[in-house]
Amino acid sequence: TPNEKTEWLESVSRGLGFAKIVITTPFEHDRMIAFTSQLAHVVSNAYVKSPSAKIHKGFSAGSYKDLTRVAWLNEVMWSELCMENRDNMIFELSTFISELEKYRSALIEKNTEALKSLFKEGKMIKKEISDTATDEMVRFVVLNSAALHLVPTTVALLRHEFGSQNPMEILL
């Protein structure tokens, strides 16, 4: 039964040292992965296409490094992942672009108060959604009555290839 599978999987996972386990549906998994992973890869990849990226040396610090880390990706794998999750990605990209337009408008209109408000709103949302458990990498397991779906081992191999210290960290 699904409950027995869930209990067994949780027991095995805790035995392997996983402290945070999220059990979800395939739909919810795909929706959240579009936001937490795939959008970040698209944003990072688009960000480094600025003409300023080629001349940034000596001016960048932690923010640049944080934002661009995942731009170094496997284009075949990420294209497939995004296309398989196309509807969720379109929603997340549309939402993100809409939010960026608000910042752009405030700058064009020289509206310092609107810009402050946008920054404050983002800071408050981040404060509201942050806690020690969610700031760490969350491992997703997708269960349904037909099968148990795990992150492909190719992801771990690619993470290893690109220098991850613990490429299995995302796998359960």
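Our structure is the block above this text.
Quick notes on the rules
Residues numbered from 1 in each chain as written. Predicted model: local features only at pLDDT ≥ 70, side-chain atom pairs only at ≥ 80, totals over all residues. Heavy atoms only, no water. Helix = DSSP H or I, 4+ residues; strand = E, 2+ residues; numbered from the N terminus. Buried < 20%, exposed > 50% of the residue type's maximum accessible area, 1.4 Å probe, protein only. Contact = heavy atoms within 4.5 Å. Areas by Shrake-Rupley, 256 points an atom, 1.4 Å probe, with all protein chains shown as cover. Salt bridge = Lys/Arg side-chain N within 4 Å of Asp/Glu carboxyl O. Axes fitted to C-alpha atoms, helices over the stretch in contact; angles between N-to-C directions. Parallel < 35°, antiparallel > 145°, perpendicular 65-115°, else oblique. Left-handed = near helix turned anticlockwise from the far one by under 90°. Polar contact = N/O pair within 3.5 Å; in protein donor to acceptor, adjacent residues only side chain to side chain. Patch = residues over 30% accessible without salt bridge, like charges linked within 9 Å, V, L, I, M, F, W, Y side chains within 5 Å.

**Quick notes on the overall build of the protein chain**
Working step 1: The helix and strand inventory of the protein chain stands at eight helices and three strands.
Working step 2: Looking at the protein chain as a whole, 26% of its 172 residues are labelled buried.
Working step 3: Counting only contacts in the protein chain whose residues sit at least 6 apart along the sequence, the fraction spanning at least 24 positions is 66%.
Working step 4: Accessible surface computed for the protein chain: about 12,700 Å², of which carbon and sulfur atoms make up 60%.

**With respect to the pattern of salt bridges**
Working step 1: Enumeration over the complete set of coordinates arrives at six salt bridges.
Working step 2: Of the charged contacts in the structure, one is a salt bridge between D87 and R86, with a shortest N-O distance of 3.8 Å.
Working step 3: Under the relative-accessibility criterion, D87 is labelled exposed at 59%.
Working step 4: Residue class for R86 comes out partly exposed when judged on its relative accessible area of 46%.

**Focus: the packing of helix α2 (residues 26–47) against helix α4 (residues 75–84)**
Working step 1: Viewed as axis vectors pointing N to C, α2 and α4 meet at an angle of 125°, and their least axial separation amounts to 11 Å. If you check the angle between α2 and α4, you find them oblique. You can see that α2 and α4 cross each other, and the crossing is left-handed. Facing α2, whose interface residues are S37, Q38, H41 and V42, α4 presents W78, L81 and C82.

**Points about the side chain of N85**
Working step 1: If you trace the backbone, N85 turns up in the loop between α4 and α5 (86–108).
Working step 2: Exposure remark for N85: the relative accessible area of 7% places this residue in the buried category.
Working step 3: A polar atom in the side chain of N85 sits 2.7 Å from the side chain of N88.
Working step 4: For N85, the contacting residues outside a window of four places in its chain are D30, A34 and Q38.

**Focus on a nonpolar patch on the surface**
Working step 1: On the surface, a cluster of nonpolar side chains totalling about 330 Å² of accessible area is made up of W8, V12 and L16.
Working step 2: Locating W8 in the fold gives a position in helix α1 (residues 2–15).
Working step 3: Judged by relative accessible area, which is 54%, W8 ranks as exposed.

**Notes on the environment of R14**
Working step 1: With respect to the helices and strands, the residue R14 is situated in helix α1.
Working step 2: When neighbours within four sequence positions are excluded, R14 is seen to be in contact with A19 and I21.

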